[in-house]
Structure formats: structure tokens, C-alpha cells
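# Architecture and fold: a report
Here is how the chains run, residue by residue.
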Amino acid sequence: MIELQALRVGYDSSPVTPAISGSLAQGSMTAIVGDNGCGKSTLLKTLAGFLPPVKGSVHWPKGRPVIGWLAQRNTLESDFPIVVQDVVNMGLWPKVSLFRSIGRSERLRVAAALERVGMLHLARTPVETLSGGQFQRMLFARVWLQQAPLVMLDEPLTGVDENTSHVLMSLIGEMHQRGQTILAVLHDTPRVNRYFPAVLRLGSASCEWQMQAKKACVA
Ligand SMILES: Nc1ncnc2c1ncn2[C@@H]1O[C@H](COP(=O)(O)OP(=O)(O)OP(=O)(O)O)[C@@H](O)[C@H]1O
């Protein structure tokens, strides 16, 4: 799905990572790990097309697919004047535009997504009143509903409690099992070791891919 050829990512022509070569197969599930500041988020943003490569290249043999994107928690505004289900509704895009009202079957899908993350009772709650963990569950409901071929998650488990981590990890496993390609930046070493079949370890001078047979990836 994605081929990296001596890719270096960074800002203003200055790379922050070493050269990265390798590929991500369709349906794969990969964790990007490494120390703070080593360039994990920058790599994700470059692969998503938000930043140009500084050196090397990213190749999409079958074209870049729709990407389900979950940004790092602290980069998000949480004081929009909208309620939870409005945010989750956005996962229906582009099947439903802003100019077409949502039908019964779509409302049921949104409700199912909210139920899946334990947030159905908060469907009409203003986003600005959510706790950090509830906010993250809401974003996961949107990504889960979207069913994008490629899902990029930037530190999806950071700042959430153990129970929420468990729910979110099971959703990641579920998306993987239904054939979506998963690429996630994570600091949760035990969960990376337990659930991710592929790991890209990013260092300041080099990087390393690790592939290993994994048990069932649903938490
Ligand atoms: N917009 C920017 N402009 C210039 N430099 C940036 C920008 N954003 C991040 N950086 C720098 O790029 C380097 C890599 O940052 P990045 O956020 O990719 O690291 P990370 O591995 O995701 O870190 P963390 O684990 O702390 O989230 C850091 O030195 C950071 O200061």
C-alpha cells in the first residue's frame, strides 16, 4: 500500500529522522515507536500528505486511499459549539455531505458507533464538556464509523485510563480484522509488543522494522 524509499521527514528542508525504507502492506497493522521528538508524528503527517518529504520518497502503488486520521489529543480544539453525535456524524463523510440530512440507517450507524465506545448516553452532550477519555472515545467512534482503507492514529492511547485504553485497543484490532490498514504512533510498549504484528522503531541515527507473529489482536 505504501512504499518508503530512503524517506527523511522534517520541516523547512531540515530532516528530523534518518532515512526510512520499507513498505506497509494493505491490511497490515504497524506501530511507530521511539523517543519523544524522534519524528514519529512528523512521519505520520508526511505519509498523510500534510507535509512534503525532505528527502527520498513515498510511493502509493495503487494511489493514496482515503485516510481515517486521529490527531494527537493535545493538538485538537475541544471547545467547538457542537454535540458528540455531530462529531461522529462526520465519519459518514463523504457518503453524506453537509447539505444532505442524515437518514434513519445512517442515524442507526452513528448510534452503533457511539454504543461501541460506550458513549451513546452522551450523544447530545456538548463536546466542550467531555473529559479527555470521553473525547478520545468520541473521536474513535468517528474513525471506526468512517471505515477508511487506511487509518492513522497519533498516540491514540495517551492520557486515557486503562479501561478506555482497553476499549480503544479493541477497536483498533477490530478495524484491522475487517481489513483496514493501521498505522499508529504509540508509547504503550506492552500493548505494542502484545498486539502489533509490525513495529517501526525510529531512532535518531537509524530505524528498524520488526515483524512478528501475533496472537489475536483484539484486546
Ligand atoms: N511545526 C514544526 N516546525 C518545526 N519543527 C517541528 C515542528 N513540529 C515538530 N517539530 C520538531 O520536529 C521534531 C520531531 O517532532 P515530532 O512531533 O514528530 O516527534 P515525536 O516523535 O512525535 O515526539 P513525541 O513522542 O514527543 O510526540 C522535534 O524536534 C520537534 O521539535
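Parameters at a glance
Residues numbered from 1 in each chain as written. Predicted model: local features only at pLDDT ≥ 70, side-chain atom pairs only at ≥ 80, totals over all residues. Heavy atoms only, no water. UniProt positions renumbered as here; feature names shortened; annotations may be inferred. Helix = DSSP H or I, 4+ residues; strand = E, 2+ residues; numbered from the N terminus. Buried < 20%, exposed > 50% of the residue type's maximum accessible area, 1.4 Å probe, protein only. Contact = heavy atoms within 4.5 Å. Lys, Arg positive; Asp, Glu negative; His and termini not counted. Charge placed at Lys NZ, Arg CZ, Asp CG, Glu CD. Pairing = 2+ DSSP bridges. Axes fitted to C-alpha atoms, helices over the stretch in contact; angles between N-to-C directions. Near = heavy atom within 4 Å. Polar contact = N/O pair within 3.5 Å; in protein donor to acceptor, adjacent residues only side chain to side chain. Areas by Shrake-Rupley, 256 points an atom, 1.4 Å probe, with all protein chains shown as cover. Nonpolar A, V, L, I, M, F, W, Y, C, P; charged D, E, K, R; others polar. Phe/Tyr/Trp six-rings, centres within 6.5 Å; stacked < 30°, edge-to-face > 60°.

As annotated in an unreviewed UniProt entry, the protein chain is ABC transporter ATP-binding protein from Trabulsiella odontotermitis. What UniProt records for the protein chain under Sequence similarities (unreviewed entry) is the sentence "Belongs to the ABC transporter superfamily."

Within the protein chain, the regular secondary structure consists of 6 helices and 11 strands. For the protein chain, the C-alpha atoms occupy an extent of roughly 50 × 35 × 30 Å along the three principal directions. Within the protein chain, the proportion of its 219 residues that are buried is 46%. Within the protein chain, contacts between residues separated by at least 24 positions form 71% of all contacts whose residues are at least 6 apart in sequence. Across the protein chain, the mean location of the 22 positive side-chain charges is 7 Å away from that of the 16 negative side-chain charges.

What the 6 strands build is an open sheet, ordered β7-β8-β9-β5-β10-β11; its pairing is mixed. Looking at the sheet topology across the chains shown, the edges are occupied by β7 (67-70) and β11 (207-211). Direction aside, neighbouring strands of the sheet carry axes that sit 15° apart on average. Across 4 bridges, strand β5 (residues 29-33) lies against strand β9 (residues 181-185) in parallel orientation. Its bridge partner lying in β9, Thr 30 is registered against Leu 183. Across the face of the sheet, helix α4 (residues 132-146) comes into contact with β7 and β8 (150-154) while running at roughly 175° to β7.

With that settled, the discussion passes to the site of the ligand. In the vicinity of the ligand there are 13 residues, among which Gly 37, Lys 40, Ser 41, Thr 42 and Glu 155 approach most closely. At a separation of 3.2 Å, a nitrogen atom of the ligand approaches a polar side-chain atom of Tyr 11. Glu 155 places a polar side-chain atom, nitrogen or oxygen, 2.9 Å from an oxygen atom of the ligand. Surface burial for the ligand is 58%, taken as the share of its 640 Å² of free accessible area covered by protein chains. No other element matches helix α1 (residues 40-47), which puts 3 residues into the shell around the ligand. Within the shell around the ligand, the residues separate by chemical class into 3 nonpolar, 7 polar and 3 charged.

Turning to the packing of aromatic side chains, a few remarks are in order. Counting across every chain of the model gives 1 aromatic pair. Aromatic pair Phe 50 and Trp 69: ring centres 5.0 Å apart, planes at 85°, arrangement edge-to-face. Of the two residues, Phe 50 is situated in the loop between α1 and β6 (55-59) and Trp 69 in strand β7; the sequence distance between them amounts to 19 residues.

Another point: the pairing of strand β1 (residues 2-8). Pairing analysis gives 4 bridges linking β1 to strand β4 (residues 20-24), with the strands arranged antiparallel. Bridge pairing in β4 links Glu 3 to Ser 23. Bridging between β1 and β6 involves 4 bridges; their strand directions are antiparallel. From the neighbouring strand, Glu 3 faces β6, where its bridge partner is His 59.

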